[in-house]
Amino acid sequence: MLSIGIDLGGTKILIGLINDDGKIIHSLKKRTPASKRIDDIMNLTFETIDSAIADAGVDMKEISGIGVAAPGIVDEKNGVLLYAPNWNLRNIPVKRLLKDKFSIPVKVANDVNAAAIGELHFGHGKNENSFFWITISTGIGGALVVNGNLLLGNRGLAGEIGHMIIDDNGPDCTCGRKGCLEALASGTAIANLARKRISEGRKFLKINSEIKPEEITAETVVRAASNNDKEAFSLLKEVSGHISKALSYVVNLADIDLLVIGGGVMVNNEILFKLIEENLKHYVYEYQHRNIRLVSPQLGYNSSLIGAGALILKSKSL
Ligand SMILES: [Zn+2]
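Residues numbered from 1 in each chain as written. Predicted model: local features only at pLDDT ≥ 70, side-chain atom pairs only at ≥ 80, totals over all residues. Heavy atoms only, no water.

Note the cut-off: UniProt positions are given in the numbering used here, feature names are shortened, and annotations may be inferred rather than shown by experiment.
Labelled according to an unreviewed UniProt entry, the chain appears under the name Glucokinase. Database annotation for the chain, UniProt heading Sequence similarities (unreviewed entry): "Belongs to the ROK (NagC/XylR) family."

This is the structure we're talking about:
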């Protein structure tokens, strides 16, 4: 059987037909409608599903259901996207809308949880079924898998490492508090910190001085650090300390050894990867008696999409 995986991103809608082995047999990507209206987003999703099925030449009868990785807080039981910060939308009944349209089973999960589910069934989880997933992109999210089970908590908020407060006096966070990991170490935070330092007169020798402050991204900083820019390196070192500290809390609490680190900021970012790895030796209690490993996702960029498919393929009750 096949399932349809949907990765509803802040900026893109990715649809994939996923087989029992967790392989994507066909996929299609569209930009999220600029209007960010739910009707437009869902209509484009419906159309893209129809096109993907037609392009792949499969029959709807071969599809056992639709799994959705949704960007925000999800009520997984009822399949409702309670809050999507990127779209500033609330209470979207994703499951009902898709079920009404396609009349097949639908499951919805938060995109970070879906990525962890993807890795659990078709990636690193095949060898080790307890791990922590962390996404570092424009925001920071996490998901804890213990003995093959994703921890959801009472309301699906388990694993929210991005909103652990690391520094009481840190920068404002989108959640309304100060000094959360996300405000200190996300892609957005890295870019903001670089802009602030440049405005204070610090010299990033490998960042072109012609570049406008608003054009600086985390990637700009990472590239500069790779070219031996001392300021950029020291900025990443500071950021890595925050990430390692937060990860050490997870390790100390849950006693897991495998940390899977994904997200746009980590792409081609060997420097940050190595720094985080190094700091963990200091922050993790009894480090030398554990077997801590920091790894990239085995499914690459597709962990969430394949995980969305796995919500259906690996479900015990559809
Ligand atoms: Zn926060």
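## A few points about the pattern of salt bridges
We apply this condition: When a carboxyl oxygen of Asp or Glu is within 4 Å of a side-chain nitrogen of Lys or Arg, the pair counts as a salt bridge. Helical segments are the DSSP runs of H or I of at least four residues, strand segments are the runs of E of at least two, and each set is numbered from the N terminus.
All chains considered together, the criterion is met by 15 salt bridges. In this structure, the salt-bridge partner of Glu128 is Arg293, at a minimum N-O distance of 2.9 Å. Of the two residues, Glu128 is situated in the loop between helix H3 (111-122) and strand S9 (131-136) and Arg293 in strand S13 (residues 293-295); the sequence distance between them amounts to 165 residues. Through salt bridges with shared partners, one network takes in Arg37, Asp39 and Asp40.

## Looking at the pairing of strand S6 (residues 80-84)
Counted only if it meets this: A pair of strands is considered paired only if DSSP assigns at least 2 bridges between the two.
Here strand S5 (residues 73-75) runs beside S6; their pairing, made up of 3 bridges, is antiparallel. Across the sheet, residue Val74 finds its bridge partner in S6, namely Leu81. Bridge analysis of S6 against strand S7 (residues 89-92) gives 3 bridges, and the strand direction is antiparallel. Of the residues in S7, the one forming a bridge with Tyr83 is Arg90.

## Remarks on the coordination of the zinc ion
So the rule is basically this: Distances define the donors: N, O and S atoms within 2.8 Å of the metal qualify, as do those within 3.2 Å of Na, K or Ca. Water is excluded, so some sites may look unfinished. Here the metal geometry follows the donor angles, with tetrahedral for four donors whose angles all fall between 85 and 135 degrees, square planar for four and octahedral for six when opposite donors are more than 155 degrees apart and every other angle is between 65 and 115, and irregular for all the rest. The cut-offs for exposure are 20% and 50% of the maximum accessible area for each residue type, with area from a 1.4 Å probe on protein chains only; residues under the lower value are buried, those over the upper are exposed, and the others partly exposed.
Protein coordination at the zinc ion comes from His163 (ND1), Cys173 (SG), Cys175 (SG) and Cys180 (SG), with a distance range of 2.1 to 2.3 Å. Note that the zinc ion binds 4 donor atoms; their angles at the metal cover 104 to 121°, and the shape is tetrahedral. Coordination of the zinc ion draws on donor residues from a single chain, spaced H-x9-C-x1-C-x4-C in sequence. Using a relative accessible area of 37% as the deciding quantity, one classes Cys175 as partly exposed.

## Some remarks on the packing of aromatic side chains
Operational definition: Only centres within 6.5 Å qualify two rings of Phe, Tyr or Trp (six-membered ring in Trp) as a pair; their planes then separate them into stacked at under 30 degrees, edge-to-face at over 60, and tilted for everything else. The rule for a charge over a ring is simple: NZ of Lys or CZ of Arg within 6 Å of the ring centre, and within 35 degrees of the ring normal.
Scanning all chains against the criterion turns up 1 aromatic pair. Measuring from centroid to centroid gives 5.9 Å for Phe46 and Phe102, while their planes differ by 75°, and the two rings are edge-to-face. Residue Phe46 is found in helix H1 (residues 38-56), and its partner Phe102 is found in helix H2 (residues 94-102); the two are separated by 56 residues along the sequence. Phe46 gets classed as buried once you look at its relative accessible area, which sits at 13%. Above the plane of the ring of Tyr83 lies Arg90, whose end atom (NZ or CZ) is 4.0 Å from the centre.

## Describing the packing of H1 against H2
For clarity, the cut-off: Between N-to-C directions, angles cover 0 to 180 degrees, with each direction set by a line fitted to C-alpha atoms, over the stretch in contact for helices. If an angle is under 35 degrees, it is roughly parallel; if it is over 145, roughly antiparallel; if it lies from 65 to 115, roughly perpendicular; otherwise it is oblique. Two helices crossing with the near one rotated counterclockwise from the far one by less than a right angle form a left-handed crossing, whereas a clockwise rotation gives a right-handed crossing. Contacts: residue pairs with any heavy atoms within 4.5 Å of one another. Each residue receives one of three labels: charged for Asp, Glu, Lys and Arg, nonpolar for Ala, Val, Leu, Ile, Met, Phe, Trp, Tyr, Cys and Pro, and polar for the others, Gly being one of them.
Packing of H1 against H2 leaves a shortest axis separation of 11 Å and a crossing angle of 45°. The orientation of H1 with respect to H2, classified from their angle, is oblique. Classified by chirality, the crossing of H2 by H1 is right-handed. Residues Met42, Phe46, Ile49 and Asp50 of H1 form the contact with H2, whose participating residues are Val94, Leu97, Leu98, Lys101 and Phe102. Its residues placed into classes, the contact of H1 with H2 shows 7 nonpolar, no polar and 2 charged.

## Notes on the sheet that holds S5
If you trace the 3 strands from one edge of the open sheet to the other, you get S5-S6-S7, paired in antiparallel fashion. Looking at the sheet topology across the chains shown, the edges are occupied by S5 and S7. Each strand of the sheet is rotated relative to its neighbour by a mean of 10°, with strand direction disregarded.

## Regarding the environment of Pro171
Among the structural elements, Pro171 can be located in the loop between strand S11 (149-150) and helix H4 (181-185). Judged by relative accessible area, Pro171 falls into the partly exposed class, the value being 37%. Linking Pro171 and Glu128, residues 43 residues apart in sequence, is a C-alpha distance of 36 Å. Ignoring anything within four residues of it in the chain, the contact list for Pro171 reads Arg177, Lys178, Gly179, Ala183 and Leu184.

## Topic: H2
Just so we agree on the cut-off: The directions from the helix axis to the C-beta atoms are what the arc is built from.
Considered for burial, the residues of H2 that qualify are Val94, Leu98 and Phe102. For H2, the angular spread of the buried residues around the axis is 30°, confining them to a single face. Packed against the buried residues of H2 are strand S1 (2-8), H1, strand S4 (63-70), S6, S7 and strand S8 (106-110). Two residues or fewer past H2, Ser103 is found with a positive phi of approximately 55°.

## Regarding the domain arrangement of the chain
For clarity, the threshold we go by: The source of the domain bounds is an automatic or database domain assignment. Summed over both partners, buried area is the accessible surface (1.4 Å probe) that two parts give up on being assembled. Definition of a polar contact: a pair of N or O atoms within 3.5 Å, with one able to donate and the other able to accept a hydrogen when the atoms are protein atoms, and with sequence-neighbouring residues admitted only if both atoms are side-chain atoms.
When the domains of the chain are assigned, the result is domain 1 (2-119 + 301-313) and domain 2 (127-296). The straight-line distance from the C-alpha centre of domain 1 to that of domain 2 is 27 Å. Listed by partner, the interface residues are 10 residues for domain 1 and 11 residues for domain 2. When domain 1 packs against domain 2, the two sides together hide about 930 Å² of surface, and 72% of this comes from carbon and sulfur. On the domain 1 side of the contact with domain 2, Val112, Asn113 and Ala116 bury the most area, a combined 46% of that side's loss. Viewed at the interface, domain 2 and domain 1 are joined by 0 salt bridges. Connecting domain 1 to domain 2 are 0 residue pairs in polar contact (both at pLDDT 80 or more). Residues that form the side of domain 1 that touches domain 2 fall into these classes: 6 nonpolar, 2 polar and 2 charged.

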